[in-house]
Amino acid sequence: MAVGVSEKRVDAFDKVTGRAKYTDDLADKSALIVKIFRSSVAHGLVKSIDTSEAEKIPGVVKIVTCFDVPDRPIPTAGHPWSLDLGHQDIADRLLLNRHVRYYGDDVAAVIAQNEIAATRAVRAIKAEYEEYPFVLDPLEAMKDGAPQLHEKFGNNILAHTSYEDGNYEEAIKEPGLLRFEKWYDTPTVQHCHIENHICYAWEEAGKVNVVSSTQIPHIVRRVVGQALGIEWGKVRIVKPYIGGGFGNKQDALYEPLCAYLSTKVGGRLVKYDMTREETFACTRVRHAIRYHITTHVRPDGTFVAGRLEAFSNQGAYASHGHGIVAKGAGAYRQLYCYRGACKGDAYTIYTNTAASGAMRAYGIPQITFALESHVDDIAKALGMEPVALRRLNMMEVGYVDPFSKNENYFDSFNQCMEKGMAYLDYEKKRKEYANQTGPVRRGVGMAIFWYNTAVWPISLESSSCRMVLNQDGSIQLQLAETEIGQGADTVFAQMASETLSIPFENVHVISSQDTDITPFGTGAYASRQTYMGGFSIKQTALLLKSRLLAYAQNVTRMPVSSLDLVDGHIVNVNSGRALLSLKDLALEAFYNTDRSEHITAESTYQAKSNAYSFGCTFAEVEVDIPLCKVKILNIVNVHDCGMLINPALAEAQVHGGMSMSIGYGMSEQLLYDPKTGRPLNDNLLDYKLSTTMDHPHLEAQFVENYEPTSAYGTKALGEPPATSPAAALRNAILHATGVALDAAPMNPHRLFARFREEGLV
Amino acid sequence: MYDMKALYEAKSVPDAISLLQEHPGARILAGGSDVLVQLREGKLAGLEFVSIFKLDELRGVSLEQDGTMRILPLTSFSHVARDPIVNRCVRVLAEAVDKVGGPQVRNIGTIGGNICNGVTSADSASTLVAYDAVVEVTGPEGVRQLPISEWYVGAGKVALRPAELLTAILIKKESYEGYAGFYIKYAMRNAMDIATLGCSVNVKLSGDKKTVADARVAYGVAGPVPMRAKSAEEAARGKPVSEETVEAAAQAALADVNPRTSWRATKEFRLHLVEELARRALKEAINRAGGEI
């Protein structure tokens, strides 16, 4: 059995010994170096650029400016292409922009023989701007008369969607309802993957070739083709190992520009390696979303009507756009059951800040912070236990999503909460910490979430897999689903090993994707790898197996119906006897002078299903009120992500997500100067990513309910761990101090302001 | 790749001084944990540098005959933190430098560099200020010593003259003997951070441990340079060891500081911390000195 076992990562030894090659390791040292001249205004029009001094600097090869690039807007979002015009991503930026829309926008690119010459040239470029007023806040940006970022989007509204289940106005007329209403704010944060975005490009064999640190090679191929106005087959993207992405690299970032620049220097190799500051300020960030939530509740705690208004800060360019806030609005609608009505309005609004894009859990960390804070506020006001209030209202077992057809098959929420409560000794501590006084107080809190698996039916879901037999009976396994540090290659190998019944070590995963060679697939996002990869691996493995058995029929003179592949051997199912090893079969197939065949299999599986992933966080904190500091004493995430393919990797995935959410809740926020629009803390010192010293032990637990739609019983785990910890911590602080914090991060600055309001300091 | 015009490696202290004389405008490079960061940011791009990093004669900690502790400037934070003399005489300095950044920075960064860059947030600075450290510099005119109170002349500026080099940090016996101290680094996270406010306190108690014979209170980030809080010290000096004394001193500290609002913290929050950290550091220092509150 290869599935359900904590096999060692297939890339473990290469990664720890430094043999694993990343983009910069692969780039030839002759590469020309690209540096970008960026706007020093938050909004304006470039009137002129003076590159004369820069061009005199020794080593400078070429400078390309916003006046040189084609007027061909690019859709950067890493979504599958849609044949439906109305569903295609918004194209709203050029390779370099004359109309600059955020501080740091791409204005010109220097190509030089080395980094120093390129950096000096960037410093020597002078640009004149016609400065426009700028706006940083989405609610301000929606107002009449606010600075306009894009012509086609009045009041800067990229999109507004709404829904109404039942009749909200009627539902709230029910006599005796209590009304709870509040605003909740979530911050702009950045992915902070270890490896900054980097790519290099050159022309060869009539193609533009790009090696890139990306999660989505096949999508980037399409976007580069669109950006350069060339056929997609003339673009080749290679994705080596990458140092994390978390959704930032689920966008075409600088691959189109890098490819374009290569074509401007005769196809020579050009490399663009971003700085950390540029990664913060000029790639993508998580949408900061402001929520206004109103809930009408019966005195017994029953939710009758819910109303959500969400305002999502898109930043300067569309990237993934409205999908993020819309996904959160969808989660709001289903996490709790409103007996009367549920109404939602979601807006996505352009502002003069970094473009917001995909980031781990795509809108769900935001809504979970807001909604799960709100539910605890209601519980406190009603004098109810937070768990009891949730049990009364949460998504019911048997609920079916009318759109995706997802079904809540099991009692996952209760199963998860039971484990979380037991780990924390939650109920005892709820009582124990109820009436504390003094400067240092403890509290416990919790939060729940649900999450989709993959993107059907919003977008295409397909995965293609190739298996190629070797002479020794081992196979190469190839998928377009990418290894981005999460361990995808390892679980793919486990699944192939399981279905083929060959040893785990006999599955050789080709980790790198090359769009000229790798079968088509859309890449790593939406917690789709294990679920989607599972379908195509199982289907392809069964296809390969049928071909192996068909060939074995010739060798063994037994009918296929009497044969099976067990533990790397062709077995007679009637006698149970092993007839020959797969290695011997492979040698026959390769070298038989009468009947040679290279046995391979390749297939595509298009999924038309999705799956609910569930879970919760329970947390215990100690709040030092005079110091305005929170110490996390205990924290546990419990997930029902279906069956675990590799328990150790699943646990590691949960640890990473919890860490990310601890930072989201407690310390991280990208700040902008209100006077200039300049990012203030675009580095890892001033942006307070939490360190290991800020974490307690991170406990990951699981409930394993076999997901009926899935090839191996799995469902989403990549992103869900990053959704609920922040809200659980917030609710624990509420329990400890009685003070509700309605904005993240709950850093000492915010705690001081709130404690002062409440008279605690 | 660093944009240096030239890098000169000094072979001795006199060689470093003559290199600095030959190349006016050259910057001194020690551990590099500040300079290389600034170079990367473009602030020092294209300049000349004199590296003193290989001068082992500037490493180590010793006690002079009169009990003066001599800390040589290239001693890394890690070495200061583990040095037996430092731990015996000025334990709080060992603890303070162990709060700098993370292990890698502490292994490469030097205590001399920490005070030569002149920043108010330097973790060693407030403790050195609290202990009335003496700074020894060597230049073309020879060796001179100055009290640390005259060392900091403004934000990021210290009293080094052209071609001068910090060659020792001294703490006199009367400054440390009988004193116990405590340093609180208040930062937004527990590692890899710069202080929002730092407070270093040391006290000497009377023989019966009932009276505060002397108290010294110093802050980092409460102003443009590390500073002493004289009002707080006066409020504690000669007073009984008690909650009231601690409280009075903590509140008096507010008269000594004038922090400003920036995006890093509001003035109100900084003032709140000035008081709270003084309270906590004083209590801990008194406890360490054998007093009971």
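Looking only at helices and strands, chain A features 20 helices and 27 strands. What you see for chain A is a C-alpha radius of gyration of 27 Å, in line with the 27 Å of a compact globule of 761 residues. Projecting the C-alpha coordinates of chain A onto the three principal axes gives extents of approximately 90 × 75 × 50 Å. The buried share of chain A, taken over its 761 residues, is 63%.

What follows concerns the domain arrangement of chain A. By the assigned domains, chain A splits into domain 1 (27-132 + 197-273), domain 2 (133-190 + 284-396), domain 3 (411-451 + 611-760) and domain 4 (462-606). Relative placement of domain 2 of chain A and domain 4 of chain A: their C-alpha centres are 46 Å apart.

Residues and elements named next belong to chain B. One can read the domain layout of chain B as domain 1 (6-51), domain 2 (60-173) and domain 3 (181-288). A separation of 19 Å is found between the C-alpha centroids of domain 1 and domain 2. Taken residue by residue, the interface counts 10 residues in domain 1 and 14 residues in domain 2. For the pairing of domain 1 and domain 2, the buried interface totals around 860 Å² over both sides, and the portion due to carbon and sulfur atoms is 76%. When the buried area of domain 1 at its contact with domain 2 is split by residue, Ile17, Gly31 and Ser33 rank highest and sum to 41% of it. One can count 0 salt bridges joining domain 1 with domain 2. Scanning the region where domain 1 abuts domain 2 turns up 1 residue pair in polar contact (both at pLDDT 80 or more). Each residue belonging to the side of domain 1 that touches domain 2 can be placed in one class, and the counts come to 6 nonpolar, 3 polar and 1 charged.

Right, let's get into the pattern of salt bridges. Counted according to the given criterion, the structure contains 67 salt bridges over all chains. Glu602 of chain A is paired through a salt bridge with Arg466 of chain A; the nearest N and O atoms lie 2.8 Å apart. One end of the pair, Glu602 of chain A, is in strand β24 (residues 600-606); the other, Arg466 of chain A, is in strand β17 (residues 462-469), with 136 residues separating them in the sequence. According to the relative accessible area criterion, Glu602 of chain A is partly exposed, its value standing at 41%. Overlapping salt bridges, with partners in common, bring together Asp624 of chain A together with Glu247, Glu275, Glu276, Arg279 and Arg280 of chain B in one network.

Right, let's talk about the packing of aromatic side chains for a bit. Residues and elements named next belong to chain A. Across all of its chains, the model carries 22 aromatic pairs over all chains by this definition. Aromatic side chains Tyr200 and Trp202 sit 5.9 Å apart centroid to centroid with 20° between the ring planes, which places their arrangement in the stacked category. Across the pair, Trp202 and Tyr200 agree in class, each one buried. What links up through ring pairs into an aromatic cluster is the set Phe303, Tyr332, Tyr336 and Tyr338. The positively charged end of Arg333 is found above the aromatic ring belonging to Tyr163, 4.0 Å away from the centroid. In this arrangement the basic side chain of Arg528 is found over the ring face of Tyr525, its NZ or CZ atom lying 5.2 Å from the centre.

This next bit is on a nonpolar patch on the surface. Taken together, Trp81, Leu83 and Trp232 of chain A make up a surface patch of nonpolar side chains, about 350 Å² in accessible area. Summarising the element assignment, Trp232 of chain A is placed in the loop between α7 (217-228) and β11 (235-239).

Turning to the packing of helix α11 (residues 364-382) of chain A against helix α19 (residues 725-737) of chain A, a few remarks are in order. Residue and element names in this part refer to chain A. The geometry of α11 relative to α19 is characterised by a closest axis approach of 8 Å and an angle of 30° between their N-to-C directions. Our classification of the angle between α11 and α19 gives roughly parallel. By crossing handedness, the relation of α11 to α19 is classed as right-handed. For the pair α11 and α19, the contacting residues are Thr368, Phe369, Glu372, Ser373, Asp376, Asp377 and Lys380 in the first and Ala726, Ala727, Arg730, Asn731 and Leu734 in the second. Taken together, the residues that form the contact of α11 with α19 break down as 4 nonpolar, 3 polar and 5 charged.

A few words on the interface of chain B and chain A. Each partner contributes residues to the interface: chain B has 25 residues there, and chain A has 30 residues. Here chain B meets chain A over a buried area of about 2500 Å², counting both sides, of which 56% is carbon and sulfur. When residues of chain B are sorted by the area they lose upon contact with chain A, Met1, Arg189 and Trp263 of chain B head the list and together hold 27% of the total. For the pair chain B and chain A, the number of links is 6 salt bridges. Our enumeration of links across chain B and chain A arrives at 16 residue pairs in polar contact (both at pLDDT 80 or more).

This part covers the side chain of His79 of chain A. Residue and element names in this part refer to chain A. With respect to the helices and strands, His79 occurs in the loop between β3 (60-65) and β4 (99-100). Engagement of the side chain of His79 in a polar contact is seen with the side chain of His320, the distance being 3.1 Å. In this view, His79 contacts Asp89, Ile219, Arg222, Gln250, His320 and Tyr362; residues no more than four positions away in its chain are not counted.

All names here are of chain B. Taken in spatial order, the 4 strands make up an open sheet running β11-β12-β13-β14, and their pairing is antiparallel. Because the sheet does not close on itself, it has two edges, and the strands there are β11 (180-186) and β14 (227-228). The pairing of strand β13 (residues 212-220) with β14 spans 2 bridges and is classified as antiparallel. Each bridged residue has a counterpart across the sheet, and for Ala218 the counterpart in β14 is Arg228.

So, about unusual backbone geometry. Residues and elements named next belong to chain A. Residue Pro457 is bonded to the preceding Trp456 through a cis peptide linkage, with omega at 5°. Relative to the helices and strands, Pro457 is located in the loop between β16 (440-451) and β17. Ala744 connects to Pro745 through a cis peptide bond whose omega is 0°. Within the element layout of this structure, Pro745 appears in the loop between α19 and α20 (748-757). The phi dihedral of Lys405 is positive, around 70°, even though this residue is not glycine. Following the sequence through the fold, Lys405 ends up in the loop between α12 (386-393) and α13 (412-424).

So, on to helix α10 (residues 323-335) of chain A. Its 13 residues place the ends of α10 of chain A 18 Å apart at the C-alpha level, agreeing with the 18 Å of an ideal helix rising 1.5 Å per residue. If you check which residues of α10 of chain A are buried, you get Ile324, Val325, Gly328, Ala329, Ala331, Tyr332, Gln334 and Leu335 of chain A.

Our next topic: the side chain of Ser609 of chain A. Residues and elements named next belong to chain A. Structurally, Ser609 can be placed in the loop between β24 and β25 (613-624). The class for Ser609 is buried, based on a relative accessible area of 15%. Reaching out from Ser609, the side chain makes a polar contact with the side chain of Tyr531 at a distance of 2.8 Å. Setting aside its immediate chain neighbours within four residues, Ser609 contacts Trp456, Tyr531, Phe535 and Thr709.

Residues and elements named next belong to chain A. Following both chains from N to C, one finds helix α18 (residues 647-666) and α19 inclined at 50°, their axes separated by 7 Å at the closest point. Relative to α19, the element α18 is oriented oblique. Handedness of the crossing formed by α18 with α19: right-handed. Between α18, through Met658, Ser661, Ile662, Tyr664, Gly665 and Met666, and α19, the contact on the second element is made entirely by Pro725, Ala726, Leu729 and Ile733. The class makeup of the residues in the contact of α18 with α19 is 8 nonpolar, 2 polar and no charged.

Note on helix geometry: an α-helix contains 3.6 residues per turn, so any two residues three or four positions apart are oriented the same way. Residues and elements named next belong to chain B. Every buried residue of helix α1 (residues 13-22) is accounted for by Val13, Ala16, Ile17, Leu19 and Leu20. Buried residues in α1, looked at end-on, bunch into an arc of 160°, giving them a common side. Summarising the geometry of α1, the exposed residues directed more than 90 degrees from the buried face are Pro14 and Glu22. Tucked into the core, α1 has its buried residues touching β1 (6-9), β2 (27-29), β3 (48-51), β6 (134-139) and β10 (165-171).

Residues and elements named next belong to chain A. Looking at where Arg595 falls in the secondary structure, it is placed in the loop between α17 (582-591) and β24. Arg595 sits 21 residues away from Asn574 along the chain, and the two C-alpha atoms are 27 Å apart. Those residues in contact with Arg595, other than ones at most four positions away along the chain, are Tyr551, Asn554, Glu588 and Ala589.

Turning to the state of the cysteines, a few remarks are in order. Here the structure, examined in full by the defined rule, presents 0 disulfides over all chains. Cys192 of chain A provides the cysteine sulfur closest to Cys282 of chain A, a residue in no disulfide bond, and the two sulfurs are 14 Å apart.

All names here are of chain A. Overall, mixed pairing links the 5 strands, which are arranged β7-β15-β14-β13-β8 in an open sheet. Because the sheet does not close on itself, it has two edges, and the strands there are β7 (157-165) and β8 (178-185). Between one strand axis and the next, the sheet turns through 5° on average, direction left out of account. Summarising the sheet, β7 and strand β15 (residues 341-350) pair through 8 bridges and their orientation is antiparallel. Across the sheet, residue Tyr163 finds its bridge partner in β15, namely Gly344.

Parameters at a glance
- Throughout this description, residue numbers start from 1 for each chain and increase along the sequence as written.
- Chain letters and ligand numbers both follow the written order, the letters beginning at A and the numbers at 1.
- With pLDDT at 70 or above as the cut-off, local features in this predicted model cover only qualifying residues; side-chain atom pairs require 80 or more to be listed or tallied, and sums for whole chains, interfaces and linings still use all residues.
- With hydrogens and water excluded, all non-hydrogen atoms of the structure serve as input to the side-chain values.
- Note on conventions: DSSP H or I runs of at least 4 residues are helices, E runs of at least 2 residues are strands, and numbering of each starts at the N terminus.
- The globule rule used for comparison is 2.2 Å times the number of residues to the exponent 0.38, while the radius of gyration itself is calculated over C-alpha atoms.
- Accessible area is worked out with a 1.4 Å probe on protein chains only. A residue is then buried under 20% of its type maximum, exposed over 50%, and partly exposed in between.
- The domain boundaries here were taken from an automatic or database domain assignment.
- Contact criterion: two residues are considered in contact whenever any of their non-hydrogen atoms come within 4.5 Å of each other.
- Summed over both partners, the accessible surface that disappears when two parts come together, traced with a 1.4 Å probe, is what is meant by buried area.
- The term salt bridge refers to a side-chain nitrogen of Lys or Arg lying within 4 Å of a carboxyl oxygen of Asp or Glu.
- Counted as a polar contact is a pair of N or O atoms within 3.5 Å, where, for protein atoms, one must be capable of donating a hydrogen and the other of accepting one, and residues adjacent in sequence contribute only when both atoms are in side chains.
- Note on residue classes: Ala, Val, Leu, Ile, Met, Phe, Trp, Tyr, Cys and Pro are nonpolar, Asp, Glu, Lys and Arg are charged, and everything else, Gly too, is polar.
- Think of it this way: a Phe, Tyr or Trp ring, Trp meaning its six-membered ring, pairs with another when their centres are within 6.5 Å, and the plane angle makes it stacked under 30 degrees, edge-to-face over 60, tilted otherwise.
- Put simply, a charge is over a ring when the Lys NZ or the Arg CZ is close to the ring centre, within 6 Å, and near the line of the ring normal, within 35 degrees.
- Each patch is built from residues lacking any salt bridge and having more than 30% relative accessible area; the joining distance is 9 Å for like charges and 5 Å for nonpolar side chains (Val, Leu, Ile, Met, Phe, Trp, Tyr).
- Areas reported as accessible are Shrake-Rupley estimates using a 1.4 Å probe. Residue values count occlusion only from the protein chains shown.
- A fitted line through C-alpha atoms serves as each axis, taken over the contacting stretch for helices, and the angle formed by two N-to-C directions is quoted from 0 to 180°.
- Roughly parallel covers angles under 35 degrees, roughly antiparallel covers those over 145, roughly perpendicular covers 65 to 115, and oblique covers all other angles.
- Crossing handedness follows the turn of the near helix against the far one: under a right angle anticlockwise gives a left-handed crossing, and clockwise gives a right-handed one.
- When DSSP locates at least two bridges between a pair of strands, those strands are taken to pair.
- Expected span, for any helix, means 1.5 Å times one less than how many residues it has.
- The arc in question is formed by the directions pointing from the helix axis toward the C-beta atoms.
- Working definition: a disulfide is two cysteine sulfur atoms within 2.5 Å of each other.

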